[in-house]
Structures are given as structure tokens and as C-alpha cells.
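Residues per chain are reported as follows:
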Amino acid sequence: MSNNLSGEAHRPGRIEVVCGSMFSGKTEELIRRLKRAEFARQKVEIFKPAIDVRYSEVDVVSHDRHSIPSTPVESSSSILLLSSDIDVVGIDEAQFFDDGLVGVCNELANRGVRVIVAGLDMDFQGVPFGPIPALCAVADEVTKVHAICVRCGSLAYVSHRLVAGDKRVMLGEQGEYEPLCRECYRKAVEEERRNGLS
């Protein structure tokens, strides 16, 4: 089959990962790729973790409020069950899924499905997050997107948590997190330690 103008007419099974800090445009890029696939008349299905209800219980919504309908699921195994006869599968907030997501994505790609995954590559402490590192390892293509550091304007490195708490999974927005570059993050952590906040 020949490609159409969008270049999305036929692609073999593959895994594409879009990762980075919060506010870097990961979900925006996921939505953009999925809408291109829909425009190319491909069968698209989008999944997100059921716990992510920040902007919508059902839709995948970017921080700047672009959205696309999705199916919330409790576990990665549900994605396999709901992906029959689909050309493109999108998965948002992949860091919140179980480690089985890697096998699910591989199985879909081996079936000829294009899998596009978006998620945080690191948590608020700068530690690799959930299944994202393993997905980056098996992906055909990895795109790291960057927010801008709110303190100095450099490319952001990590999502710095602004509220107290050491729980790893805490859904949040701009009131709870800020994107910081490596140097500003290091300074922020040092300041929190001096003030007894971490």
C-alpha cells in the first residue's frame, strides 16, 4: 500500500515512546499523532489509566486542554483485550501502568499494530518511573520532549513537586509541580533539605 500525504497510510507494527517531564507536551504530541492516524482512516484506540481523572474521567486531555476520547483501564492486560482489529493504539500516562505494559506493547507491535506511548520518564525525585525505561529500551522510536525550566528558562530535566509528601504517585498540575532544569532542581532540593522540607 502506498503512503498518503500524511505518511500514515501503512506502517508496520512498532512502538513509539514520547517521554519527558510534566508540561513538556507529551500528551499533546500523542494526540497529534493519533489524530493524524485517524485522518489517514486508520482504526485508532486510546487508553489511559483509570486513576487519571484530572481533566476528564474518560478523555485524554493535555495541559493546554486539547483532548481525544479514550478508554480508561485498570491494568495493562485490559489493553490487549480491547485492542482487536485496531491499527494504532495510543497509551497516555504510561508511567502509572504496571510493568506488564512492556509485554503488552511488544505483543501489539508484533501483531502489526503501531503503539504510541506517552509518559513521564522520571518521578519527582529524578528516578526512572514505572515501565517507561523498559519501554524506551524496546521502542522502535523514542522522542524526549522538554518543558522549559520555570526558574531560569533552560530546558527542563525533571518535574519538581511543590507540595509535601513522599508518595510516588500523586496526580497534579501546575499548583503541585514545576518543570526544572538539572541545576535549578539541584538547588531546589538543597534548599528544601536546609529548610527541613525533604
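Whatever comes next refers back to the structure up there.
Residues numbered from 1 in each chain as written. Predicted model: local features only at pLDDT ≥ 70, side-chain atom pairs only at ≥ 80, totals over all residues. Heavy atoms only, no water.

A. Examining the overall build of the chain more closely. Assigned secondary structure in the chain consists of 5 helices and 10 strands. When contacts within the chain are restricted to residue pairs at least 6 apart in sequence, those whose partners lie at least 24 apart make up 70%. (Helix = DSSP H or I, 4+ residues; strand = E, 2+ residues; numbered from the N terminus. Contact = heavy atoms within 4.5 Å.)

B. How the structure looks around the state of the cysteines. For the coordinates displayed, the defined rule picks out 0 disulfides. The thiol sulfur of C136 is not disulfide-bonded, and the nearest other cysteine sulfur, from C19, lies at 4.1 Å. Given a relative accessible area of 21%, C136 falls into the partly exposed group. With no disulfide of its own, C149 lies 3.8 Å from the sulfur of C184, the closest cysteine sulfur. Accessibility expressed as a relative area gives 3% for C149, which makes it buried. (Disulfide = S-S within 2.5 Å. Buried < 20%, exposed > 50% of the residue type's maximum accessible area, 1.4 Å probe, protein only.)

C. Representation of the sheet that holds strand β7 (residues 114-120). Sheet architecture is open: 6 strands sit in the order β5-β2-β6-β7-β1-β8, paired in parallel fashion. The outermost strands of the open sheet, each flanked by one partner alone, are β5 (71-73) and β8 (141-145). Each strand axis lies, on average, 20 degrees off the axis of its neighbour in the sheet, ignoring direction. Where strand β1 (residues 14-20) and β7 come together, 7 bridges link them in parallel fashion. The residue bridging I15 from the neighbouring strand is V115, located in β7. (Pairing = 2+ DSSP bridges. Axes fitted to C-alpha atoms, helices over the stretch in contact; angles between N-to-C directions.)

D. Molecular detail of the nonpolar core. Ranked by size, the top nonpolar core spans 23 residues in total, and within it I79 and I91 carry the most contacts. Those elements that provide at least two residues to this core are β1, β6 (88-91), α3 (101-110), β7 and α4 (132-138). In terms of residue count, the dominant contributor to this core is α3 (6 residues). Setting aside residues up to four positions removed in sequence, I91 forms contacts with L30, F47, I79, F97, L101, C105, V115, I116, V117 and A118. Listed in part, the 12 residues of the second largest apolar core include L30, L34, V44 and I68. (Core = buried A, V, L, I, M, F, W, Y, C linked by side-chain atoms within 4.5 Å.)

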